[in-house]
Amino acid sequence: MKSIAKTLILFLFITFTISTGIFDTDAVEFKPPMKIHSQAVLLVNTDTEEPTVVYRKNADKRIAPASLTKIMTAIIVLESGADLETKVKVKQEMVYHEDFAGLSVSNAGFKPDEEVRLIDVLYATVMCSACEGANILADYFGNGSIPAFVDMMNAKVAELGLKDTQFANAHGLDAKGQYTTADDMYKITSYALEKYPLFEKISTETKYSMPATNKNNERSLLHTNIMLYKDIGNTLAYNYYDERVKGLKTGTTDASGRSLVTLASDGKYNYMLITLKAPIKDKNGVDHAIRYSYTDHKELYGWAFDNFKIRPVLDKDETIPGINVRLGKDKDYVALKPAKTIYAFIRNDISNASIKIDRSNLPETLTAPISKDEVVGKVKLILANQELASADLVAAESIDRSILLFILDAASKVAASQWFWTAVVLIVILVFVYMILIIKHNNRRKRRQIRNVNRYKR
């Protein structure tokens, strides 16, 4: 009895796990095996024509952006088209701003009345997350009004069609009504990278030498992302260094936790990863010894690089079930094949046999003549109810038109036409009227003949 009970329990367990998807290797919403501490995550592979979301967690949840805000600050500066060699004089209120009161904010050591180039302020703002740098830029490009600059930031948000992002300042310190999502931050960062190569250069530099000014000697700026450094005299860096990681932007406040946007490449595959609100303190209010934003990035990248690749999922020489053909000469069916080999970004252990071909957009029939390699429709490749890719299908061979079938078809179409039957009815009516007129005419002629004969007899 015990063995039967064990077998039954094992059967129920397997049935449960299959039905709930615990062992579902065909899932597209891939879940990493490690614990992810950040509240919101979006990991995207950027190697395919349409970037592939590899992992998402609360990616549409509104969260304070912290210094990730400065990505939009940089966009507005770069979009202005201003000469970044222009020197500006730093205002005292930009350095000792009321937003900074009582806070230990990140800064680049700018001083009141310091004359500094805009390009240096931009490097300081993006690379070392200088809050006073963001204010200097906002004041200059807002024509003396930081709120006007913030309005420009929100106008760009609207232009990009983002519904879950709003800015209240240029530096990212916590403020009422300031929020974003991992989804929106991906779009903002992608826009900056695509539109402005200088943004990528600045945001992925590890070190920048700022020339001497009237108030400061030459100084070196280091990127705040310690994943970039193998050894900078900081033992913390040894724990998080990853040679595949580049830039982009860190963000930390007590309310928003630790946020991070990075790029990563191993020379073959490329990713962008956004994480928001990794915890700073434990439930007792004690600072974590671990920087969870960095461990999330390092472990997610390791998992992605080890377990995913781009591979062909539908070969251009592979024929698939075709479509019936009308009016074909000697053939009433044509096989189909992809116009080109279709590639998809997919987990290594998923078989191509798990990918389904959705034919719902294909025509039910085709009409000859059909040329070889003529595009006849499009299919979607589906994995676990989600679209992996789409493909144009072409005819695998040419099919000539049958002249006889074409004539018969044309005749049947004419016969089935409403105008045809309307014409037939009109012709019948005309013939009927004509026959009546003929009969009447003949009757009149006969009557005349009879009258003539009668006259003659008299």
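Structure: see above.
Residues numbered from 1 in each chain as written. Predicted model: local features only at pLDDT ≥ 70, side-chain atom pairs only at ≥ 80, totals over all residues. Heavy atoms only, no water.

Give me the lowdown on the overall build of the chain, citing residues and values where you can.
Counting its secondary structure elements, the chain contains twelve helices and 17 strands. When the 458 residues of the chain are sorted by exposure, 43% land in the buried category. Put simply, of all contacts in the chain between residues at least 6 apart along the chain, 66% involve residues at least 24 apart. When the accessible surface of the chain is totalled, it reaches about 25200 Å², and 54% of it is carbon and sulfur. (Helix = DSSP H or I, 4+ residues; strand = E, 2+ residues; numbered from the N terminus. Buried < 20%, exposed > 50% of the residue type's maximum accessible area, 1.4 Å probe, protein only. Contact = heavy atoms within 4.5 Å. Areas by Shrake-Rupley, 256 points an atom, 1.4 Å probe, with all protein chains shown as cover.)

I'd love a proper account of the packing of helix α4 (residues 118-127) against helix α8 (residues 197-204), names of residues and values included.
In a packed pair of helices, the relevant descriptors are the angle between the two axes and the axis-to-axis distance. Running from amino to carboxyl end, α4 crosses α8 at an angle of 60 degrees, the nearest separation of the two axes being 8 Å. By the criterion of interaxial angle, the relationship of α4 to α8 is oblique. The handedness of the crossing between α4 and α8 comes out as right-handed. Of the residues in α8, those in contact with I119, L122, Y123, V126 and M127 of α4 are L198, F199, K201, I202 and S203. (Axes fitted to C-alpha atoms, helices over the stretch in contact; angles between N-to-C directions. Parallel < 35°, antiparallel > 145°, perpendicular 65-115°, else oblique. Left-handed = near helix turned anticlockwise from the far one by under 90°.)

Talk me through a positive patch on the surface; I want residue IDs and the actual numbers.
A cluster of like positive charges, contributed by K440, R444, R445, K446, R447, R448 and R451, occupies part of the molecular surface. Considering the arrangement of structural elements, one finds K446 in helix α12 (residues 418-457). (Patch = residues over 30% accessible without salt bridge, like charges linked within 9 Å, V, L, I, M, F, W, Y side chains within 5 Å. Salt bridge = Lys/Arg side-chain N within 4 Å of Asp/Glu carboxyl O. Lys, Arg positive; Asp, Glu negative; His and termini not counted. Charge placed at Lys NZ, Arg CZ, Asp CG, Glu CD.)

Please give an account of the side chain of K249 that cites residues and values.
Tracing the sequence through the fold places K249 in strand β7 (residues 245-253). For the buried K249, which has no salt bridge, the nearest side chain bearing the opposite charge is E132, at an N-O separation of 11 Å. A polar atom in the side chain of K249 sits 2.8 Å from the side chain of S129. Excluding its chain neighbours within four sequence positions, the residues that come into contact with K249 are S67, L68, K70, I71, T125, V126, S129, H223, S259, L260 and V261. (Polar contact = N/O pair within 3.5 Å; in protein donor to acceptor, adjacent residues only side chain to side chain.)

Outline the sheet that holds strand β12 (residues 333-338), supporting the account with residue identities and numerical values.
Pairing in this open sheet of six strands is mixed, and the strands run β14-β16-β17-β12-β11-β15 from one edge to the other. Here the strands that pair on one side only, and so sit at the sheet edges, are β14 (356-358) and β15 (365-367). If you compare each strand with its neighbour and ignore which way they point, the axes differ by 40 degrees on average. Where β14 and strand β16 (residues 375-383) come together, three bridges link them in antiparallel fashion. (Pairing = 2+ DSSP bridges.)

Tell me about helix α2 (residues 69-79), residues and numbers included.
For α2, a buried count of ten out of eleven residues is recorded, marking the element as mostly surrounded by other parts of the structure. Looking at α2, one finds that the buried residues are T69, K70, I71, M72, T73, A74, I75, I76, V77 and L78.

A description of the side chain of S203 should follow, citing residues and the corresponding values.
As for its position among the elements, S203 is in helix α8. Relative accessible area serves as the criterion here: at 0%, S203 is assigned to the buried category. Looking at S203, its side chain comes within polar contact range of the main-chain oxygen of F199, at 2.8 Å. Setting aside residues no more than four positions away along its own chain, S203 makes contact with V126, H223, G247 and L248.

Describe the environment of H288, naming the residues involved and giving the relevant values.
Checked against the element boundaries, H288 lands in the loop between β9 (270-278) and α10 (292-307). By relative accessible area, which is 24% here, H288 ends up partly exposed. Once you skip the residues sitting within four places of it in the chain, H288 turns out to touch P279, I280, K281 and D282.

So what's going on with helix α7 (residues 182-195)? Which residues, and what values?
An ideal rise of 1.5 Å per residue puts 20 Å on 14 residues; α7 measures up with 20 Å between its terminal C-alpha atoms. For α7, a buried count of ten out of 14 residues is recorded, marking the element as mostly surrounded by other parts of the structure. When we look at burial in α7, the residues that qualify are A182, D183, D184, M185, Y186, I188, T189, Y191, A192 and L193. (Expected span 1.5 Å × (residues − 1).)

Which residues make up the packing of aromatic side chains, and what values do they have?
How two aromatic rings sit relative to each other is given by the distance of their centres and the angle of their planes. Inspection of the entire model under this criterion finds eleven aromatic pairs. With a centroid separation of 5.9 Å and 75 degrees between ring planes, the pair formed by Y271 and F345 is classed as edge-to-face. With Y271 in strand β9 and F345 in strand β13 (residues 342-347), this pair connects stretches of sequence that are 74 residues apart. You can call F345 buried: its relative accessible area is 3%. Ring centres of Y301 and F305 lie 6.3 Å apart, and the angle between their planes is 40 degrees; on these two criteria the pair is classed as tilted. Taken together, the positions of Y301 and F305, both in helix α10 and four residues apart, correspond to about one turn of that helix. Note on F305: relative accessible area 10%, which makes it buried. One aromatic cluster is present, built from ring pairs that chain together Y55, Y269, Y271, Y301, W303, F305, F308 and F345. (Phe/Tyr/Trp six-rings, centres within 6.5 Å; stacked < 30°, edge-to-face > 60°.)

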